[in-house]
Amino acid sequence: DVKVTQSSRYLVKRTGEKVFLECVQDMDHENMFWYRQDPGLGLRLIYFSYDVKMKEKGDIPEGYSVSREKKERFSLILESASTNQTSMYLCASSFRGQASQHFGDGTRLSIL
Amino acid sequence: TQLLEQSPQFLSIQEGENLTVYCNSSSVFSSLQWYRQEPGEGPVLLVTVVTGGEVKKLKRLTFQFGDARKDSSLHITAAQPGDTGLYLCAGAGGGSYIPTFGRGTSLIVHP
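Looking at the overall build of chain A
Argument step 1. Helix and strand content of chain A: zero helices and 11 strands.
Argument step 2. Counting from the amino terminus, chain A carries its helices and strands in the arrangement β-β-β-β-β-β-β-β-β-β-β.
Argument step 3. Taken against the 2.2 N^0.38 rule, which gives 13 Å for 112 residues, the C-alpha radius of gyration of chain A at 13 Å falls within 12% of a compact globule.
Argument step 4. When its C-alpha atoms are laid out on the principal axes, chain A stretches across 35 × 25 × 25 Å.
Argument step 5. Burial status across chain A gives 49% buried among its 112 residues.

This is the structure we're talking about:
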């Protein structure tokens, strides 16, 4: 069964900490995405990558960075966590040129 | 920016009822996806539609893509408690593979 795996389901961190969220897919997808999901705001795209070492800003990249050193792995980094980054974070992947995506189960991140 | 409006935002119904969820835009999409997301989980792809006027059926779920490829609907017949979840539509157009997501319709089906 194809899978997108996110490293943690729940995570609690403190303000100012550097936070790493990891995502791994086993479908050989070229594209990978990071979203955050907040009540009433829907899914908002933070960053995406269409190839190894390539990254593009989404709609809300401020306060975040990403890393894609291997095709199957896409990491989201919160450089200095703030309380307004408390959210559900979703990783997704897709084949090149296709809009349909496969999602991980999400990481519910709380910043205290 | 392509915007997708979903309606209704919330829906609470009894088991056995029928319902329709709508996804509308002023933009033309080359493809449109529907996802279902259960609480605490990630969205799961239900269907992709690509041709104007296309109708796809998935058991009790019927998906339709508008003739002009600007809108879509999801109809559920005889809803069951297992249909409870957040239904999201997403569309991509203009040669882009980056979809725009609607804000979702939250469905609760009471036994």
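Alright, that's what it looks like, and here's the rest.
As for the sheet that holds strand S8 (residues 73–78) of chain A
All names here are of chain A.
Argument step 1. Across the sheet, four strands lie side by side as S1-S3-S8-S7; this open sheet has antiparallel pairing. The open sheet terminates on both sides in strands that have one partner only, identified here as strand S1 (4–6) and strand S7 (64–70). In this sheet, adjacent strand axes meet at a mean angle of 20° when their direction is disregarded.
Argument step 2. Relative to S8, S7 runs antiparallel, the two sharing five bridges.

A look at the sheet that holds strand S8 (residues 71–76) of chain B
Residue and element names in this part refer to chain B.
Argument step 1. Pairing is antiparallel in the open sheet, where five strands are placed in the order S1-S3-S8-S7-S6. The open sheet terminates on both sides in strands that have one partner only, identified here as strand S1 (5–7) and strand S6 (55–58). With strand direction ignored, the average angle separating the axes of adjacent strands in the sheet is 15°.
Argument step 2. Sheet analysis places S1 next to strand S3 (residues 19–24), joined by three bridges and oriented antiparallel. Considered in S3, the bridge of Ser 7 is made with Tyr 22.

Quick look at the interface of chain A and chain B
Argument step 1. Contacts between the two partners involve 22 residues from chain A, matched on the other side by 18 residues from chain B.
Argument step 2. Taken together, both faces of the contact between chain A and chain B bury some 1,600 Å²; the carbon and sulfur share is 59%.
Argument step 3. Counting the surface chain A buries against chain B, the share from its top three residues, Leu 43, Ala 99 and Phe 103 of chain A, is 28%.
Argument step 4. The interface formed by chain A and chain B holds one salt bridge in total.
Argument step 5. As a salt-bridge pair, Glu 41 of chain B and Arg 9 of chain A come within 3.7 Å of each other at their nearest N and O atoms.
Argument step 6. Seen at the junction of chain A and chain B, the total is four residue pairs in polar contact (both at pLDDT 80 or more).
Argument step 7. When contributions to the side of chain A that touches chain B are tallied by element, the ones reaching two or more residues are strand S4 (31–38), strand S5 (42–49) and strand S9 (87–94) of chain A.
Argument step 8. Classifying every residue of the side of chain A that touches chain B by side-chain character gives 11 nonpolar, nine polar and two charged.

The rules behind these values
- Residues numbered from 1 in each chain as written.
- Chains lettered and ligands numbered in written order.
- Predicted model: local features only at pLDDT ≥ 70, side-chain atom pairs only at ≥ 80, totals over all residues.
- Heavy atoms only, no water.
- Helix = DSSP H or I, 4+ residues; strand = E, 2+ residues; numbered from the N terminus.
- Rg over C-alpha atoms; globule rule 2.2 N^0.38 Å.
- Buried < 20%, exposed > 50% of the residue type's maximum accessible area, 1.4 Å probe, protein only.
- Pairing = 2+ DSSP bridges.
- Axes fitted to C-alpha atoms, helices over the stretch in contact; angles between N-to-C directions.
- Contact = heavy atoms within 4.5 Å.
- Buried area = accessible area lost by both parts, 1.4 Å probe.
- Salt bridge = Lys/Arg side-chain N within 4 Å of Asp/Glu carboxyl O.
- Polar contact = N/O pair within 3.5 Å; in protein donor to acceptor, adjacent residues only side chain to side chain.
- Nonpolar A, V, L, I, M, F, W, Y, C, P; charged D, E, K, R; others polar.

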